[in-house]
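Breakdown of the fold
Each chain, letter by letter, is given below.
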Amino acid sequence: MLSRFSPYWLWALMALPGVAILASILGATDAETTRTAIHEGLHPTGEFAARFMIIAMLASPLALVFKGWRGPNWLRKNRRYFGVAAFAYALAHTVLYLIDLGAVPKIVADLPKLYIWTGWIAFLIFVPLAITSSDYFVRRMGRTWKTLQRTTYAAAVLTLLHWGALHDWGGLGPALVHFVPLGLLEAYRIWYWYLRPRPQTA
């Protein structure tokens, strides 16, 4: 069933939260409600960016844990879609943040804050990953493409810090709910490939 799930339907499903956020902003009746809608759109766009990134990263460890199950295989096949969706929401999150602050001095003044500079670096890591997400770059870059994709782990750590540090670490609990399963699966993956006992050969 999953193999017959059209990528267009997948894109439509992933776009739904963004459409709702955009509709809320466009439906505002005056400047004040527009500013409120933009500010309220910051949190969900950031959350969905993190969620789609995590889903994309879960593909390989899930395939290792549930060998032969179609779900992880489908996820591995479509993880680039989730990665691009993560970038799209991260871009929306960044744009809304810039509009919300509304002035360059405020943006510059925010940069030393942990939850701000970690977010910016995570976003900058996302940019080349999104640009090189097509089959063309996969073919052209070869092994370099996989090396570049591994920077996603740095982006994930930075995203966790960005999310957790919000409101003086008041966002740590929700961040851990999202990231702990990924961390546990990645730890298992490392154990399986590098640390587990190997059968002794005669």
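Reading the values: the criteria
Residues numbered from 1 in each chain as written. Predicted model: local features only at pLDDT ≥ 70, side-chain atom pairs only at ≥ 80, totals over all residues. Heavy atoms only, no water. Helix = DSSP H or I, 4+ residues; strand = E, 2+ residues; numbered from the N terminus. Buried < 20%, exposed > 50% of the residue type's maximum accessible area, 1.4 Å probe, protein only. Contact = heavy atoms within 4.5 Å. Areas by Shrake-Rupley, 256 points an atom, 1.4 Å probe, with all protein chains shown as cover. Lys, Arg positive; Asp, Glu negative; His and termini not counted. Charge placed at Lys NZ, Arg CZ, Asp CG, Glu CD. Phe/Tyr/Trp six-rings, centres within 6.5 Å; stacked < 30°, edge-to-face > 60°. Expected span 1.5 Å × (residues − 1). Bend = angle between axes of the 7 residues up to and from the residue.

**Side note on the overall build of the protein**
Across its full length, the protein carries nine helices and zero strands. Starting at the N terminus, the α and β elements of the protein follow one another as α-α-α-α-α-α-α-α-α. Overall, the protein is about 75 × 40 × 35 Å in size when its C-alpha atoms are taken along their principal axes. For the protein, the proportion of its 202 residues judged to be buried stands at 36%. For the protein, the share of sequence-separated contacts (at least 6 apart) that also reach a separation of at least 24 residues comes to 66%. Counting only carbon and sulfur atoms, one obtains 69% of the accessible surface of the protein, whose full area is about 12600 Å². Once the 19 positive and 9 negative side-chain charges of the protein are each reduced to a mean point, those two points are 24 Å apart.

**Side note on the packing of aromatic side chains**
The full count for this structure, using the stated rule, is 15 aromatic pairs. Centroid distance Phe-52 to Phe-82: 6.2 Å. Interplanar angle 40°. Geometry classified as tilted. Separated by 30 residues along the polypeptide, Phe-52 in helix α2 (residues 31-65) and Phe-82 in helix α3 (residues 70-101) bring together distant segments of the chain. The same class applies to Phe-52 and to Phe-82, which are both buried. Ring plane angle 80° and centroid distance 6.5 Å describe the contact between Trp-120 and Phe-123, whose orientation is recorded as edge-to-face. With Trp-120 and Phe-123 both in helix α5 (residues 114-131) and three residues apart, this pair spans about one turn of that helix. For Trp-120, a relative accessible area of 22% puts it in the partly exposed group. A network of ring pairs unites the aromatic residues Phe-48, Phe-52, Trp-74, Phe-82 and Tyr-89 as a single cluster.

**Re the environment of Ala-37**
Its place among the elements puts Ala-37 in helix α2. Taking the relative accessible area as the measure of exposure, Ala-37 reaches 8% and is therefore buried. Sequence-wise, Ala-37 and Arg-79 are 42 residues apart; in three dimensions their C-alpha atoms are separated by 30 Å. Leave out the neighbours within four places in its chain, and Ala-37 touches Ser-24 and Ile-25.

**Details of helix α9 (residues 172-195)**
When the terminal C-alpha atoms of α9 are compared, their 30 Å separation across 24 residues is substantially less than the 34 Å that a helix rising 1.5 Å per residue should span. Along α9, the largest kink reaches about 40° and is centred on Phe-179; proline Pro-181 follows within four residues of it. Within α9 the residues assigned to the buried category are Ala-175, Phe-179, Leu-182, Leu-185, Glu-186 and Tyr-192. In the core, the buried residues of α9 are packed alongside α2 and α8 (152-169).

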